[in-house]
Amino acid sequence: MTRVKRGYIARRRRTKIRLFASSFRGAHSRLTRTITQQKMRALVSAYRDRGRQKRDFRRLWITRINAVTRENEVSYSYSRLIHNMYKKQLLLNRKILAQIAISNKNCLCIISNKIIK
């Protein structure tokens, strides 16, 4: 039988995978099998952590808002603030409220006092 030369297709696929893993350390950037394993693992982690990042930031925003609202009044909390905001139909999301809480605490106090009354 004659020899079959496979051409550049496999090499092109491997170089594409190598470019993805070029910043990895050791064998994870040199050996083809470990590169493919690490690529799959990295993509799984990236997918999982995109959802986790949204969760973590929401928790951080809630914590910041709660801290500032509790500073101002003793009997007032985050949950009451959000409940009253929905009752008054004041639609500010948690990200914006957390930014207001960090940059200008007095502004958040004014907002919460207006909502209570």
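One numbering rule holds for all chains: residues counted from 1, following each sequence as written. pLDDT decides what is reported in this predicted model: residues at 70 or higher carry local features, side-chain atom pairs at 80 or more are listed and counted, and totals for whole chains, interfaces and linings draw on all residues regardless. No hydrogens and no water enter the side-chain calculation; it runs on all heavy atoms of the structure.

The protein chain carries the name Large ribosomal subunit protein bL20c in an unreviewed UniProt entry, which gives Spirodela intermedia as its organism. UniProt positions are given in the numbering used here, feature names are shortened, and annotations may be inferred rather than shown by experiment. In its Subcellular location (unreviewed entry) section, the UniProt record describing the protein chain reads: "Plastid, Chloroplast". Its UniProt record gives the protein chain a comment under Sequence similarities (unreviewed entry), which states: "Belongs to the bacterial ribosomal protein bL20 family."

(A) Here's a closer look at the packing of aromatic side chains. When the centres of two rings from Phe, Tyr and Trp lie within 6.5 Å, Trp using its six-membered ring, the rings pair. Their planes under 30 degrees apart give stacked, over 60 give edge-to-face, and anything left gives tilted. All chains considered together, the criterion is met by 2 aromatic pairs. Relative to F24, the ring of F20 has its centre 6.2 Å away and its plane inclined at 85°; by these criteria the two rings are edge-to-face. With a 1.4 Å probe rolled over the protein chains alone, any residue whose accessible area is under 20% of its type maximum counts as buried; one over 50% counts as exposed, and the rest are partly exposed. For F24, a relative accessible area of 26% gives the class partly exposed. Above the face of the F20 ring, K39 is positioned so that its terminal group lies 5.4 Å from the ring centre. Criterion for a charge above a ring: Lys NZ or Arg CZ within 6 Å of the ring centre, and within 35 degrees of the ring normal.

(B) A look at the pattern of salt bridges. One speaks of a salt bridge when a side-chain nitrogen belonging to Lys or Arg is within 4 Å of a carboxyl oxygen belonging to Asp or Glu. Within this structure, the stated rule accounts for 3 salt bridges. One salt bridge in this structure joins D49 and R48, with 3.2 Å as the shortest N-O distance. In this structure R48 comes out as partly exposed when scored by relative accessible area, which is 41%. Across the pair R52 and D49 runs a salt bridge whose closest N-O atoms are separated by 3.9 Å. Of this pair, R52 and D49 both sit in helix α2 (residues 32–72), 3 residues apart, which is roughly one turn of the helix. Its relative accessible area of 39% is what places R52 among the partly exposed residues. Judged by relative accessible area, which is 31%, D49 ranks as partly exposed. Salt bridges here are not isolated pairs; linked through shared partners, they connect R48, D49 and R52. Secondary structure is summarised from DSSP: a helix means a run of H or I of at least four residues, a strand means a run of E of at least two, and numbering begins at the N terminus for each.

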